[in-house]
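# Close look at the chain arrangement
Listed below, chain by chain, are the residues.
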Amino acid sequence: MIIKQLVHKFYCTRLRIVRVFLCCAVQWGVPTISTGAVLGMLAGVLSGSIESIGDYYACARLAGAPPPPIHAINRGLNLIMTSKMKS
């Protein structure tokens, strides 16, 4: 009986982080996805990307630098959109 308790304690301490993560991940049930939520998040991503274009020009103006070329803005927006869509 003591060996069983020690083995159980060993495995519980090694797997404690995994068990807590699994318990908290679905604490309020399985996540649901609705069309309204997807469209709302997509609108947020697009508005953030449009705002980033203005930020590029504003930073260039504040720094006294020439405006960034279009290909640099495209690279930046591509990176932002890819990062936002993956998360």
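Cut-offs and rules
- Residues numbered from 1 in each chain as written.
- Predicted model: local features only at pLDDT ≥ 70, side-chain atom pairs only at ≥ 80, totals over all residues.
- Heavy atoms only, no water.
- Helix = DSSP H or I, 4+ residues; strand = E, 2+ residues; numbered from the N terminus.
- Buried < 20%, exposed > 50% of the residue type's maximum accessible area, 1.4 Å probe, protein only.
- Areas by Shrake-Rupley, 256 points an atom, 1.4 Å probe, with all protein chains shown as cover.
- pLDDT = per-residue confidence, 0-100.
- Patch = residues over 30% accessible without salt bridge, like charges linked within 9 Å, V, L, I, M, F, W, Y side chains within 5 Å.
- Salt bridge = Lys/Arg side-chain N within 4 Å of Asp/Glu carboxyl O.
- Contact = heavy atoms within 4.5 Å.

## Regarding the overall build of the protein chain
- Each helix and strand in the protein chain was counted, giving 4 helices and 0 strands.
- Reading the protein chain from its N end, one meets helices and strands in the order α-α-α-α.
- Per-residue burial for the protein chain yields a buried fraction of 9% across its 87 residues.
- Approximately 7,700 Å² of the protein chain is accessible, and the part contributed by carbon and sulfur atoms is 71%.

## Examining the confidence of the model for the protein chain
- For the protein chain, per-residue confidence averages 76 on the pLDDT scale, and residues scoring 70 or more make up 68% of the total.
- By mean pLDDT, the top-scoring element of the protein chain is helix 3 (residues 35–63) (88), and the lowest-scoring one is helix 1 (residues 2–14) (52).

## Some thoughts on a nonpolar patch on the surface
- On the surface, Leu39, Leu42, Leu46 and Met85 cluster together to form a nonpolar patch covering roughly 370 Å² of accessible area.
- If one sorts the elements of the nonpolar patch by residue count, helix 3 sits on top with 3 residues.
- With respect to the helices and strands, the residue Leu39 is situated in helix 3.
- Taking the relative accessible area as the measure of exposure, Leu39 reaches 53% and is therefore exposed.

## Considerations on the side chain of Ser49
- Here Ser49 lies in helix 3.
- Apart from residues lying up to four places away in sequence, Ser49 is in contact with Leu77, Ile80, Met81 and Lys84.

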